[in-house]
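Report on the structure
For reference, the chains in residue letters:
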Amino acid sequence: GFEAKTGKEVAEKVNGAIASGLGFFNNFLLFFAGVALLVGSFIIVNTFSILVAQRGRELALFRAMGSSRAQVTRSVLVEAVLLGLIGSTGGLLLGFAIAFGIQVMFAAVGMDLSGAGMRLTPQALLWTYAVGLLVTIVAAAFPAIRAGRVPPVAAMSGDVMTGKSGLGWRAVGGGLMIAFGMVALLTGLFMDTLDNRLWYVTTGASNFLLGVAAVSPILGRPVVWLLGRLNQAVFGQVGRLAEVNALRNPRRTAVT
């Protein structure tokens, strides 16, 4: 009743079993990476929106001195590239720290992975900087384009980039994304005959989240009004100032 096998065959069988058992962990890490990209994009968009809004008069002065729209947009994008390089380098180092922590954690529970070792491959470098730069540039592109479109006189007057324009397309686009996300999410949750239910759930949840983010500048006004009543009751005029400040730029408040 015994069967003879070579050491190589046994090792391959054991490795296959371990890889199958750790498949969920790989999926978890990929999901976590996707969430990090999404949240990071929101933060970058908000940060550059604030930077561009606070530097409105400075950018307007550049325009008045002869700078073109493209030059103003490129100046913001150059900052995005530099910050993307710095952030990608920090993310690479943090990724190595997390990988080392996972290795230590597995060793503590009796699954020593120290024999595998950690090495920095060209693919890891390429993907780290490609994704980091791409996400940063794309997220900063919208505030950069808006900065280039602002007329110098409007920017110098201070009544610029209030975030109150262009909300109509947000309502339409956001509503469509919410509807599509809900349909895909419910399909993935309750259609037992689907083979790729996880894809439906992930796609639906992502579209629903982005749709809510798109319409939040419109839906945020009554929420801010309600919070303003509570703030004013507790903090007085300070709470009232907070409400007015939040309503001053609904798009930026919503992204935050």
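Worth saying up front: this structure is predicted, and the values here are computed from it rather than measured. (Residues numbered from 1 in each chain as written. Predicted model: local features only at pLDDT ≥ 70, side-chain atom pairs only at ≥ 80, totals over all residues. Heavy atoms only, no water.)

Further remarks concern the overall build of the protein chain. Helices and strands together make up the secondary structure of the protein chain, namely ten helices and zero strands. The C-alpha atoms of the protein chain give a radius of gyration of 25 Å, which is well past the 18 Å a tight globule of 256 residues would have. Its C-alpha atoms put the protein chain at 90 × 45 × 40 Å along the principal axes. When each of the 256 residues of the protein chain is scored for burial, the buried share is 22%. Here the protein chain displays about 16,900 Å² of accessible surface, and carbon together with sulfur accounts for 72% of that area. A distance of 19 Å separates the average location of the 20 positive side-chain charges in the protein chain from that of its 10 negative side-chain charges. (Helix = DSSP H or I, 4+ residues; strand = E, 2+ residues; numbered from the N terminus. Rg over C-alpha atoms; globule rule 2.2 N^0.38 Å. Buried < 20%, exposed > 50% of the residue type's maximum accessible area, 1.4 Å probe, protein only. Areas by Shrake-Rupley, 256 points an atom, 1.4 Å probe, with all protein chains shown as cover. Lys, Arg positive; Asp, Glu negative; His and termini not counted. Charge placed at Lys NZ, Arg CZ, Asp CG, Glu CD.)

What follows covers the environment of Gly168. By secondary structure assignment, the location of Gly168 is in helix α7 (residues 167-190). Taking the C-alpha atoms as reference points, Gly168 and Ile50, separated by 118 residues in sequence, lie 22 Å from one another.

Now for the confidence of the model for the protein chain. Detailed reading of the predicted model is not advised wherever pLDDT is low. Mean pLDDT over the protein chain stands at 81; residues scoring 70 or higher make up 91%. Per-element confidence in the protein chain ranges from a low mean pLDDT of 64 for helix α6 (residues 152-157) to a high of 88 for helix α9 (residues 237-248). (pLDDT = per-residue confidence, 0-100.)

Here we take up helix α2 (residues 23-54). Look at α2: 47 Å from first C-alpha to last across 32 residues, which is about the 46 Å you get at 1.5 Å a residue. When we look at burial in α2, the residues that qualify are Phe25, Ile44, Asn46, Phe48, Ser49 and Val52. (Expected span 1.5 Å × (residues − 1).)

Between its first and last C-alpha, helix α5 (residues 122-149) extends 40 Å over 28 residues, near the 40 Å set by a 1.5 Å rise per residue. Considering bend angle alone, the principal kink of α5 is centred on Ala141 and spans about 40 degrees; proline Pro143 follows within four residues of it. Where α5 is concerned, the buried positions are Gly132, Thr136, Ala139, Ala140, Pro143, Ala144, Ala147 and Gly148. In this structure, the buried residues of α5 make contact with α2, α3 (56-64) and α4 (69-108). (Bend = angle between axes of the 7 residues up to and from the residue. Contact = heavy atoms within 4.5 Å.)

A few words now on the environment of Val10. Within the fold, Val10 resides in helix α1 (residues 7-21). The partly exposed category is assigned to Val10, whose relative accessible area is 40%. Along the backbone, Val10 and Arg146 are 136 residues apart, and their C-alpha atoms lie at a distance of 61 Å.

Moving on: the packing of α2 against α5. Two numbers describe how α2 lies on α5: the axes approach to 9 Å, and their chain directions differ by 35 degrees. Between α2 and α5 lies a crossing of right-handed hand. Where α2 approaches α5, its residues Leu37, Ser41, Ile44, Val45, Phe48, Ser49 and Val52 are matched on the opposing element by Val131, Val135, Thr136, Ala139, Ala140, Pro143, Arg146 and Ala147. For the contact of α2 with α5, the per-class residue count stands at eleven nonpolar, three polar and one charged. (Axes fitted to C-alpha atoms, helices over the stretch in contact; angles between N-to-C directions. Left-handed = near helix turned anticlockwise from the far one by under 90°. Nonpolar A, V, L, I, M, F, W, Y, C, P; charged D, E, K, R; others polar.)

Within soluble globular proteins, side chains that are nonpolar tend to cluster in buried spots. By size, the foremost hydrophobic cluster in this structure holds eleven residues: Ile44, Phe48, Val52, Leu59, Val72, Val76, Ala80, Ala139, Ala140, Ala144 and Ala147. No other element matches the four residues that α5 contributes to this core. For Val72, the residues in contact, after removing those within four places along its chain, are Leu59, Arg63, Ser67, Ala147 and Gly148. (Core = buried A, V, L, I, M, F, W, Y, C linked by side-chain atoms within 4.5 Å.)

With that settled, consider the packing of helix α8 (residues 197-235) against α9. To describe two helices that pack against each other, one gives the angle between their axes and the distance between the axes. The N-to-C vectors of α8 and α9 enclose an angle of 165 degrees; their axes lie 6 Å apart at closest approach. Between α8 and α9, the interaxial angle falls into the category roughly antiparallel. Seen along the crossing, α8 lies across α9 with a hand that is right-handed. Residues Arg221, Val224, Trp225, Gly228, Arg229, Asn231, Gln232 and Phe235 of α8 form the contact with α9, whose own contacting residues are Gln237, Val238, Gly239, Arg240, Glu243, Ala246 and Leu247. Counted by class, the contact of α8 with α9 contains six nonpolar, five polar and four charged residues. (Parallel < 35°, antiparallel > 145°, perpendicular 65-115°, else oblique.)

Mapping Gly95 onto the fold places it in helix α4. Looking at Gly95, the relative accessible area reads 35%, which means it is partly exposed. Residues Gly95 and Thr128, 33 residues apart in the sequence, show an inter-C-alpha distance of 9.8 Å.

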